[in-house]
Amino acid sequence: MSSSVPSSLLPPSPAPSTPRPGGPQRRFKLETEVVYTESPDQYRSSSVPIYQTATFKQVSGSEMGEYDYSRSGNPTRTQLERHLAKIMNASRVLAVASGMSAMDVIARLLRPGDEVIAGDDLYGGTNRLLKYLSTNGGIVVHHVDTTSISAVTEKLNDKTSMVLLESPTNPLIKICDIPTITRLVKATVPNAIVAVDNTMLSPIAQNPLDFGVDIVYESATKFLSGHHDLMAGVIAVNDEKLAEKLFFTVNATGCGLAPFDCWLLLRGVKTLAIRFEKAQSNAQIVAEYLEGAGFKVRYPGLESHPQYDLHWSMARGAGAVLSFETGSVDVSERIVESARLWGISVSFGCVNSLISMPCKMSHASIDPKVRAERALPEDLIRLCVGIENASDLVEDLKHALFQAGALKTESALSC
Ligand SMILES: Cc1ncc(COP(=O)(O)O)c(C=O)c1O
Ligand SMILES: N[C@@H](CCSC[C@H](N)C(=O)O)C(=O)O
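Residues numbered from 1 in each chain as written. Chains lettered and ligands numbered in written order. Predicted model: local features only at pLDDT ≥ 70, side-chain atom pairs only at ≥ 80, totals over all residues. Heavy atoms only, no water.

A. Local environment of the pairing of strand 4 (residues 160-166). Here strand 4 lies mainly inside the structure; 7 of its 7 residues are buried. As paired elements, strand 2 (residues 115-119) and strand 4 share 4 bridges and run parallel to each other. In the sheet register, I117 faces strand 4, and the bridge partner there is V163. Bridge analysis of strand 4 against strand 5 (residues 193-197) gives 5 bridges, and the strand direction is parallel. Looking across to strand 5, one finds that M162 is bridged to I193. Traced from strand 4 through helix 6 (residues 178-188) to strand 5, the parallel crossover comes out right-handed. (Buried < 20%, exposed > 50% of the residue type's maximum accessible area, 1.4 Å probe, protein only. Helix = DSSP H or I, 4+ residues; strand = E, 2+ residues; numbered from the N terminus. Pairing = 2+ DSSP bridges. Right-handed = clockwise from strand over helix to strand, strands pointing away.)

Structure (structure tokens):
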């Protein structure tokens, strides 16, 4: 531990969970780990208390307690971070105000002149922050097709400071070979950081830290919380020095997650496994229906996905986000507007199913010219599948497709 960060400001490292204090210390299956939380609460409260306080009184003028100020640390945040560290196979997790906050904290590791290699298909907000840094921060950003290992390695040089990956990507659901890219980056530029945005799968389906990457971050606004009732981001690492640097920025900039949101997120995480499983099985049914109806569907649960085998070599599930093309922006708009059960909304990972057109919504901040260069189809529809009844979802979609003129025959309505 470095002398720059007092230990009182660091959350304790995660203890292995055990149903009874003093009982056998062991790792349980993920579905069990997400539900079980330890709390050192003096009243043995079943739910972790919300320490809705900005300050903590000190024992005396010279003796500091464990916490002094909630920007620097708060017991509810500590409990959340410990719980997430267990689930994300990390030694340390930091909970911050949003997924973009997490990305911002990570990006502050960069210095002018540094080079970043990122995907050519990535969340619009990430693209926007990278663009800002390249315009104003002296950072050079290379956007490459991360499905091609050589496209990534060709850009590696001694100025490469960070390789930023998403798999699956948002919204084209492209898969990249995280273990191989990580190995090659480490062999070529040992100090370069490999960071993975794991928002699309959550720790239930993929743990990139297990592949040797340095940082995993997620928008906890999505699957981790699951109800679209809070904004949060999480950063997970296994290197204490790196954790300290990241924590320094969290404390210095004040982006640590507020106590009530920590509590909401902790509550949401308990149902992560069951929500994710149901949403994912619904997504598989929806993807198969759309493919059967003749659409080009992007979903790693379909054997037609070009990186199907690669995906399943890394992940335990296909997730609940898929996208498909219709061949016409007008038709896509009509489909989106004809759906009743599917909410027209950005974001994903919620219990409710959502439908959107990335080029007009989540990825609208990417210059239309850049979108065209990167072959992001303007007619792309993204479906973020929730936990409703699968037949209701398919029925609603069928009717939206039919009303929009995307299903040519009545028979397609019954497939
Ligand atoms: C893949 C991905 N990463 C990061 C973010 C940013 O998260 P947040 O909206 O919580 O800031 C989003 C969506 O916003 C996303 O889709
Ligand atoms: N207006 C927002 C759009 C947020 S998109 C949220 C989510 N990541 C998604 O992919 O739907 C912005 O400008 O960031």
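Now that the structure has been shown, we can carry on.
B. Inspection of the site of ligand 1 at higher detail. Close to ligand 1 lie 13 residues, the nearest being M100, D197, S219, T221 and K222. In this structure, an oxygen atom belonging to ligand 1 sits 2.9 Å away from a main-chain N or O atom of G99. One of the side-chain nitrogen or oxygen atoms of K222 is found 2.9 Å away from an oxygen atom of ligand 1. Looking at the shell around ligand 1, its residues break down into 5 nonpolar, 6 polar and 2 charged. (Near = heavy atom within 4 Å. Polar contact = N/O pair within 3.5 Å; in protein donor to acceptor, adjacent residues only side chain to side chain. Nonpolar A, V, L, I, M, F, W, Y, C, P; charged D, E, K, R; others polar.)

C. Quick look at the sheet that holds strand 3 (residues 140-144). The strand order across the open sheet built from 7 strands is 1-7-6-5-4-2-3, with neighbouring strands paired in mixed fashion. The open sheet is flanked by strand 1 (92-96) and strand 3, the only strands paired with a single partner. Strand after strand, the sheet turns through a mean of 20 degrees between neighbouring axes, direction not considered. Relative to strand 7 (residues 233-237), strand 1 is paired through 5 bridges, and the arrangement is antiparallel. Bridge pairing links V96 to G233 in strand 7. The strands touched by helix 2 (residues 75-87) within the sheet are strand 1 and strand 7, with strand 1 carrying the most contacts at an inclination of about 130 degrees. Relative to strand 5, helix 6 is tilted by about 160 degrees, and along the sheet it contacts strand 4 and strand 5. (Axes fitted to C-alpha atoms, helices over the stretch in contact; angles between N-to-C directions. Contact = heavy atoms within 4.5 Å.)

D. Highlighting the pattern of salt bridges. Per the stated rule, a full pass over the model turns up 11 salt bridges. For the salt bridge of K360 with E333, the shortest nitrogen-to-oxygen distance reads 3.2 Å. Of this pair, K360 sits in the loop between strand 11 (354-356) and helix 13 (368-373) while E333 sits in helix 12 (residues 329-338); the two residues are 27 residues apart in sequence, bridging distant segments of the chain. Classification of E333 as partly exposed rests on a relative accessible area of 25%. Between D396 and R340 there is a salt bridge, with its nearest N and O atoms 3.2 Å apart. With D396 in helix 14 (residues 390-403) and R340 in the loop between helix 12 and strand 10 (343-344), this residue pair connects regions lying 56 residues apart in the sequence. (Salt bridge = Lys/Arg side-chain N within 4 Å of Asp/Glu carboxyl O.)

E. Highlighting the sheet that holds strand 11. Read across the sheet, 5 strands follow the order 8-9-12-11-10 without closing on themselves; strand pairing throughout is mixed. The open sheet terminates on both sides in strands that have one partner only, identified here as strand 8 (296-298) and strand 10. By the bridge criterion, 3 bridges tie strand 11 to strand 12 (residues 381-384) in an arrangement that is antiparallel. Counterpart to S356 in the pairing with strand 12 is R382. The sheet strands contacting helix 10 (residues 272-292) are strand 8, strand 9 (321-325) and strand 12, and the helix crosses strand 9 at an angle near 10 degrees. Its contacts with the sheet put helix 12 on strand 10, strand 11 and strand 12, and the angle it makes with strand 12 is roughly 25 degrees.

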